[in-house]
Amino acid sequence: MIVLLIGSGAREHALARSLSRDPAVTALHAAPGNPGIGELATLHAVDALDGEAVAELATSLEADLVVVGPEAPLVAGVADAVRAAGIPVFGPSGEAAMLEGSKAFAKEVMAAANVPTAQARVCHTESELTAALHEFGAPYVVKDDGLAAGKGVVVTDELEAALDHGSAVLAAGGTVVVEDFLDGPEVSLFCLCDGKTVVPLQPAQDFKRAHDADAGPNTGGMGAYSPLPWAPPGLVAEVVEHVAQPTIDEMARRGTPFVGVLYCGLALTSKGVRVVEFNARFGDPETQAVLARLTTPLAGVLLAAATGELASLPPLEWSDAAAVTVVIAAAGYPGTPASGDPITGIADAEALPGVHVLHAGTRIEGDSLVSAGGRVLSVVGVGDGLAGARAAAYAGVERIDLPGSHHRSDIALKAAESVR
Ligand code: GLY
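Just so it is clear, the model here is predicted, and its values are computed rather than measured.

Draft legend 1. Highlighting the site of the ligand. Near the ligand, the surroundings consist of Asp206, Gly220, Tyr263, Asn279, Arg281, Gly283, Asp284 and Glu286. One of the side-chain N or O atoms of Asp206 is found 2.7 Å from a nitrogen atom in the ligand. Measuring from an oxygen atom of the ligand, one finds a backbone N or O atom of Asp284 at 2.9 Å. Grouping the amino acids of the shell around the ligand by side-chain chemistry returns one nonpolar, three polar and four charged.

Okay, here's the thing in structure tokens:
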């Protein structure tokens, strides 16, 4: 099977790693990829947002499957262009990707499908924004309706900060969604969908704040782990029954079937499971931990989703080991990250048992690997229980040097302690 992967982050490096280990994959290509993906795949300098160019590349490669990683190409309709060229594609159409592309649309679909989520108000004016913030009170949850590259959501106790974020979105011509705050721990569950059938992966937890003990600003995600030893036993089945399947059925009923990953961002509240957000792609950095534990070859699974065959797929198989991802971020992240700094020690880290390193914000300069983005690397540790996986991941982090970089030291710490 010839596979073309679209994207350039650590999530795509994790996908490339799993795809490259699938014996059915005879050739792996990526566009645009990154230096880490380039060790596993042939890279092509094609713009991931250009559907026609991606479809042309897939056709010229005689690809059997195209996997689109990030949300921006999905919302831009890249999967539609590939489908129109007659090539199976893992990733929703532009219309179906609006489950991530518009928070207001996602709320409308959830209401129609009777999916439990926070109450919300869609605001087009300052006065609607102020009224909604006063209605729900603190903590304030203020979301940019559209895609905002991980910077669209502010959760704060400060009314002024909530107003500032909402006003900035409105001033830029956007729409704001203000929501009731959901208490309780958050869980990410990725559901593979073929338009009709839902196959859940194992749940993970993400750490969104920049610093230890959930302090500091929101980020795209500073680390993740899987499995969740504290999660209720029936959680996955409950989410499939009450969240993912009704959503997929509603999308099919609307004539916009969802094919790809429905990322269910959930809060386990005192009143039960509630959807915090949907995304139309794998989560980053949760994917790095989840795929490290999936033992079923990945390409066949994604092809089954792309071709409407998930119902005939045998049950997925998982390693008993745990996985922890620690993100190494550049100085300044999540503000303006430093770039061009040398990265060393990756080979030393990967020489350790159970450690692999995935690239996100990296590039080659001369003979050196240098930083080129906010989240630079994901260090993944796989081990016996979360304590073993943490030990591996942090031993890997210690071997890597990037001047000025920072990482959290408490990824999966509480969960590991809870099972001691
Ligand atoms: N881990 C958060 C996200 O992928 O959106």
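So, next bit.
Draft legend 2. Seen up close, the sheet that holds strand β8 (residues 153–156). The antiparallel open sheet is built from four strands, whose spatial order is β6-β9-β7-β8. Two strands close off the open sheet at either side, each with one partner strand: β6 (120–123) and β8. Across the sheet, the axes of successive neighbouring strands diverge by a mean angle of 20°, strand direction being ignored. Where strand β7 (residues 140–144) lies against strand β9 (residues 176–179), four bridges are found, and the strand directions are antiparallel. Pairing of Asp144 across the sheet is with Val176, part of β9. Running over the sheet, helix α6 (residues 103–113) touches β6, β7, β8 and β9 and is turned about 50° from β9. The sheet strands contacting helix α8 (residues 159–171) are β6, β7, β8 and β9, and the helix crosses β7 at an angle near 15°.

Draft legend 3. Region of interest: the sheet that holds strand β19 (residues 355–359). What the five strands build is an open sheet, ordered β12-β15-β18-β22-β19; its pairing is antiparallel. Lying at the two open borders of the sheet, with one neighbouring strand each, are β12 (205–206) and β19. Pairing geometry for β19 and strand β22 (residues 375–383), over five bridges, is antiparallel. Residue pairing for β22: Val357 is matched across the bridge by Val379.

The rules we used
- Residues numbered from 1 in each chain as written.
- Predicted model: local features only at pLDDT ≥ 70, side-chain atom pairs only at ≥ 80, totals over all residues.
- Heavy atoms only, no water.
- Near = heavy atom within 4 Å.
- Polar contact = N/O pair within 3.5 Å; in protein donor to acceptor, adjacent residues only side chain to side chain.
- Nonpolar A, V, L, I, M, F, W, Y, C, P; charged D, E, K, R; others polar.
- Pairing = 2+ DSSP bridges.
- Helix = DSSP H or I, 4+ residues; strand = E, 2+ residues; numbered from the N terminus.
- Axes fitted to C-alpha atoms, helices over the stretch in contact; angles between N-to-C directions.
- Contact = heavy atoms within 4.5 Å.

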